[in-house]
Amino acid sequence: MLALCSQIEQDVLEERIRLLKKLMEENTVNMAVGMIWQDEATTELDILLQETEKRMYADKAEYYRKNGIERRRR
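Right, let's talk about the pattern of salt bridges for a bit. Summed over all chains, the structure comprises six salt bridges. Of the charged contacts, one joins Glu51 and Arg55 as a salt bridge, the two residues approaching to 3.1 Å between their closest N and O atoms. Note that Glu51 and Arg55 are positioned in helix H2 (residues 45-66) at a spacing of four residues, about one turn of the helix. For Glu51, a relative accessible area of 26% translates into the label partly exposed.

Okay, here's the thing in C-alpha cells:
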C-alpha cells in the first residue's frame, strides 16, 4: 500500500506513524512501514519510491530481529 500525504507537517506524519505502529502492536497486527519525507517535489517519484521501499524492508528486518525470527533460507 502506498499513501501520499500532502499538506502535512513532517512531525505530524511521524507521530501518526508512531501511533499506527503502537496500535498494530496492541492488536497483534504486523505491517512493515517505510516512510520518506520531502517538503518540495525536487526528487523524482521513482527515487522516492525506491528509498521508501528500502526503509520498509529495513523496518521488516527490524521486526524479525526484535522477535527472534530467522527468515533466511538455509
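Having seen the model, we can carry on.
Inspection of the secondary structure puts Asn27 in the loop between helix H1 (10-26) and H2. Within the structure, the side chain of Asn27 is placed 2.8 Å from the backbone oxygen of Leu23, a separation counted as a polar contact.

Before going further, it helps to spend a moment on the environment of Leu13. Here Leu13 lies in helix H1. A relative accessible area of 11% means that Leu13 is categorised as buried. Sequence spacing of Leu13 and Ile36 is 23 residues, and the spatial spacing of their C-alpha atoms is 9.8 Å. Residue contacts for Leu13: discarding those within four places in its chain leaves Cys5, Ile8, Met35 and Trp37.

Let's shift gears to a nonpolar patch on the surface. A cluster of nonpolar side chains, Leu2, Leu4, Leu45 and Leu49, forms an exposed patch at the surface whose accessible area comes to about 410 Å². By the element assignment, Leu2 lies in the segment before H1. Leu2 sits in the exposed class, given a relative accessible area of 54%.

What counts as what
- Residues numbered from 1 in each chain as written.
- Predicted model: local features only at pLDDT ≥ 70, side-chain atom pairs only at ≥ 80, totals over all residues.
- Heavy atoms only, no water.
- Salt bridge = Lys/Arg side-chain N within 4 Å of Asp/Glu carboxyl O.
- Helix = DSSP H or I, 4+ residues; strand = E, 2+ residues; numbered from the N terminus.
- Buried < 20%, exposed > 50% of the residue type's maximum accessible area, 1.4 Å probe, protein only.
- Polar contact = N/O pair within 3.5 Å; in protein donor to acceptor, adjacent residues only side chain to side chain.
- Contact = heavy atoms within 4.5 Å.
- Patch = residues over 30% accessible without salt bridge, like charges linked within 9 Å, V, L, I, M, F, W, Y side chains within 5 Å.
- Areas by Shrake-Rupley, 256 points an atom, 1.4 Å probe, with all protein chains shown as cover.

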